[in-house]
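# Report on the structure
So the chains spell out like this:
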Amino acid sequence: MNTVFSHIVQKRLAQEYENVATEALDFIVNSSEAAKKGLMKLLSGIEPRLPALQFRTQQTDGNARPDMCGYDGNVVRVFMENKFWAGLTENQPVQYVKNLAKCRQPSVLLFVVPTARMEAVWRDLLRRLEPDGDSGANRDSSLGAVHSRVTDIGPILALTSWDRLISAIDFELAEEPRARNDLLQLRALCDASDS
């Protein structure tokens with residue numbers, strides 16, 4: 001499904017897909033408690049001990065700048081990296097995991113990618129952890145996450161698809177047509193990026 005939103009991004013902002021999608025996701029989650037509930041259900045499926053979080057985008061944490069951060073008060077508990085076709089940065093995932101480990105509370109580094117990239121990105125994430133000596137344990141798939149692994153230093157590294165993330169949020173939006181329409185716009189952008 002093509003929408004005006006996805007059309008404009010494809011036509012004029014093609015180099016900004018990830019940033020536009022991140023800002024759209026942030027807007028949806030921060031303007032609808034039901035949408036935030038959907039995101040928190042997905043994150044709680046990865047780490048049940050996470051509290052209710054507040055989300056902000058493009059926050060610098062040391063030498064890392066995750067796309068989205070989930071805060072418990074002033075303490076960051078979740079980093080979300082939203083990818084389409086861009087590669088991992090130099091700091092991903094090792095520095096991000098190290099930054100989250102400072103929290104001393106359960107924390108999650110979640111990568112969101114197109115379904116077609118999931119296996120390749122997961123292999124790349126694990127390969128980058130190995131030189132750092134990480135021999136963490138893989139976990140069974142959880143609600144919403146396709147892959148997850150407890151790292152040696154504590155944070156959980158997880159991977160999901162845009163489709164699974166959007167579906168988790170959509171499930172909670174039956175009574176919120178405006179938020180659901182915004183989410184459909186984001187889904188159309190993700191679908192356009194996949195094609």
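So, a few notes on the structure that sits alongside this text. (Residues numbered from 1 in each chain as written. Predicted model: local features only at pLDDT ≥ 70, side-chain atom pairs only at ≥ 80, totals over all residues. Heavy atoms only, no water.)

### Examining the environment of Ala168
Filter applied, for reference: For helices the rule is a DSSP run of H or I covering at least 4 residues; for strands it is a run of E covering at least 2, with both sets numbered from the N terminus onward. Burial here depends on accessible area, computed with a 1.4 Å probe over protein chains only, as a share of the maximum for the residue type. Under 20% is buried, over 50% is exposed, and the range in between is partly exposed. Between two residues, a contact is recorded if the distance between any of their heavy atoms is within 4.5 Å.
Position of Ala168 among the secondary structure elements: in helix H6 (residues 162-170). Since its relative accessible area comes to 22%, Ala168 is described here as partly exposed. Those residues in contact with Ala168 that lie beyond four places of it in its chain are Gly38 and Leu42.

### Some thoughts on helix H4 (residues 94-101)
In terms of residue burial, H4 counts as a mostly covered element, since 6 of its 8 residues are buried. Within the span of H4, buried status applies to Val94, Tyr96, Val97, Asn99, Leu100 and Ala101. Turning to H4, the residues buried within the fold contact strand S3 (75-82), strand S4 (108-113) and helix H5 (118-129).

### Quick notes on the packing of aromatic side chains
Test applied: Only centres within 6.5 Å qualify two rings of Phe, Tyr or Trp (six-membered ring in Trp) as a pair; their planes then separate them into stacked at under 30 degrees, edge-to-face at over 60, and tilted for everything else.
One pass over the structure, following the stated rule, counts 2 aromatic pairs. Between Phe79 and Tyr96 the ring centres are 5.6 Å apart and the planes differ by 75 degrees, which places this aromatic pair in the edge-to-face class. Taken together, the residues span a long stretch of sequence, with Phe79 in strand S3 and Tyr96 in helix H4 at a distance of 17 residues. Overall, the relative accessible area of 0% leaves Phe79 in the buried class. Relative to Trp162, the ring of Phe84 has its centre 5.0 Å away and its plane inclined at 5 degrees; by these criteria the two rings are stacked.

### Quick notes on the nonpolar core
Rules: For the purposes of this section, nonpolar cores are sets of buried Ala, Val, Leu, Ile, Met, Phe, Trp, Tyr and Cys residues that join through side-chain atoms within 4.5 Å.
Of all hydrophobic cores here, the largest spans 36 residues; its most connected members are Leu25, Met80, Leu110, Trp162, Leu165, Ile169 and Leu186. The leading source of residues in this core is helix H3 (residues 33-46), at 7 residues. Among all residues touching Ile169, those that are not within four sequence positions of it are Leu25, Val29, Ala35, Gly38, Leu39 and Leu183. Ranked by size, the runner-up nonpolar core spans 22 residues in total, among them Val97, Met118, Val146 and Leu157.

### Thoughts on unusual backbone geometry
Going from Gln92 to Pro93, the amide bond is cis rather than trans, its omega being -5 degrees. A positive phi angle, near 50 degrees, is found at Gln58, a position not held by glycine. The topology assignment puts Gln58 in the loop between strand S1 (54-57) and strand S2 (68-72). The partly exposed category is assigned to Gln58, whose relative accessible area is 22%.

### A look at the pattern of salt bridges
Where charged atoms from two side chains of opposite charge come close, those side chains can pair. Put simply, the rule reads: Within this document, salt bridges are pairs made up of a side-chain nitrogen of Lys or Arg and a carboxyl oxygen of Asp or Glu, the two lying within 4 Å of each other.
Using the criterion set out here, one finds 9 salt bridges in the structure. Notably, a salt bridge pairs Lys41 with Glu172, separated by 2.9 Å at the nearest N-O pair. A residue pair is termed long-range when its members are at least 10 positions apart, and Lys41 in helix H3 and Glu172 in the loop between H6 and helix H7 (177-194) qualify at 131 residues. Its salt-bridge partner being Arg128, residue Asp124 comes within 3.5 Å of it at the nearest N-O pair. Here the residue Asp124 and the residue Arg128 both occupy positions in helix H5, the gap between them amounting to 4 residues, near one helical turn. Arg128 gets classed as partly exposed once you look at its relative accessible area, which sits at 24%.

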